[in-house]
Amino acid sequence: MPQQSLQEKAPIQLLPLEPETHDPILLFTMGKVGTKTIEYSLREYGAPHCIHIAHNLNPLMLQRWRKRINERYEDPYIPLEAWHHAWRIRRTVTETLGKKRWQVISLVRDPVARSLSTYFENLSYFFANALERFDAGDLTIDNFIEGFFRLPPSKFPQGWFDTQMKFVFGIDVYEQPFPKEKGYALYRGKHADLLVLRLEDVHRCAPHAMKQFLGLDTFSIASDNRAQEKPYAALYKESKEHIRFPVQILNRIYNGTILRHFYSAEEIQTFRSQYHIQ
């Protein structure tokens, strides 16, 4: 069955909206690709725009997400907050398409680094009281690594730009080659402009990209230590040093055609070289 368009599918539940006085910025990403770093830097710069963050605005996928929350969480308060936030952003987009020109920013990242970061940020979902049990000696680094490999095989999220960005804003990032040496690309859609950055290049290219995209002079990536302050940060670092990947898993992840759209063969090989092989 074909998916209904964003404009046709009414949300199940809505939250009140605040009025916006500037054309909005939407940090629309697949998650764990540096979204908060860009948000923090824009706010430190003093960008006058209203800044939104979303990872999922596809109505069918939002309904599936809500169903998973109901099935998996005894106390769904926190995940439901995130779900309601996504519905709110979705309504904002729906009601303003064609009235305001959205300035959309997205990022891509080494898929193994992204998968590891996602896993450790959500460690308590896989191991109850994970950090406390690790400190008590009930869980080890090997337990966490084994848990990571029990997850479905991770690839670059091949469908995200189609099921999210293209579906919502009608922008197909694969229609034109990505300028790998430049580290970012600009796209113009009917109702939105899009900037796609590579996280690995963000310190180098963000000043030029933000000046070209938003007209922000002297923009830079602000120093943000929150990632190091996260409770799982040390555990993530230690696990990354100990993890050993079967070569077939790395081949499956790094041989995807869509990953090669954003990164050169040499850059992908550099990603691979960071990880030990069994």
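As a starting point, this report considers the structure included with it. Model, not experiment: these values are computed from the prediction.

Cut-offs and rules
- Within any chain, residue numbers begin from 1 and follow the written order of that chain's sequence.
- In view of the model being predicted, local features appear only for residues whose pLDDT reaches at least 70, and side-chain atom pairs are presented and counted only at 80 or more, with totals across whole chains, interfaces and linings using the full set of residues.
- As a rule here, side-chain values cover all heavy atoms of the structure and leave hydrogens and water aside.
- Under the DSSP-based scheme used, a helix requires at least four consecutive residues in state H or I and a strand at least two consecutive residues in state E, with every element numbered from the N terminus.
- Think of it in three bands: residues with accessible area under 20% of the maximum for their type are buried, residues over 50% are exposed, and the middle band is partly exposed, with areas taken using a 1.4 Å probe on protein chains only.
- Working note: the arc is built from the helix axis to C-beta atom directions.
- Whether two residues touch is decided by their heavy atoms; if any such pair falls within 4.5 Å, the residues are in contact.
- Aromatic rings from Phe, Tyr and Trp, taking only the six-membered ring of Trp, are treated as a pair when their centres fall within 6.5 Å; an angle between ring planes under 30 degrees marks them as stacked, one over 60 as edge-to-face, and anything in between as tilted.

With that settled, the discussion passes to unusual backbone geometry. Phi is positive for Asn-129, which is not a glycine, with a value near 50°. Along the chain, the position of Asn-129 falls in the loop between α5 (123-126) and α6 (130-135). Assessed through its relative accessible area of 52%, Asn-129 is described here as exposed. Positive phi, normally seen in glycine, also occurs at Thr-218, with a value near 60°.

With that settled, consider helix α7 (residues 141-149). Along α7, the residues that are buried comprise Ile-141, Phe-144, Ile-145, Gly-147 and Phe-148. Looking straight down α7, one finds its buried side chains confined to an arc of 160°; they lie on one side. The elements touched by buried residues of α7 are α4 (111-121), α5, α6, α11 (233-242) and β6 (244-245).

Another point: the packing of aromatic side chains. One pass over the structure, following the stated rule, counts 23 aromatic pairs. Seen in terms of ring centroids, Tyr-119 and Phe-126 are 5.2 Å apart; in terms of plane orientation they differ by 35°. Their pairing is tilted. What makes Tyr-119 buried here is its relative accessible area of 2%. Judged by its relative accessible area of 35%, Phe-126 is partly exposed. Geometrically, the ring pair formed by Tyr-125 and Phe-126 is edge-to-face, given 5.2 Å between the ring centres and 90° between the ring planes. Through a chain of ring-to-ring contacts, three or more aromatic side chains come together here, namely Tyr-119, Phe-120, Tyr-125, Phe-126, Phe-148, Phe-149, Tyr-236, Phe-245 and Tyr-275.

Geometric values such as these leave the question of function open.
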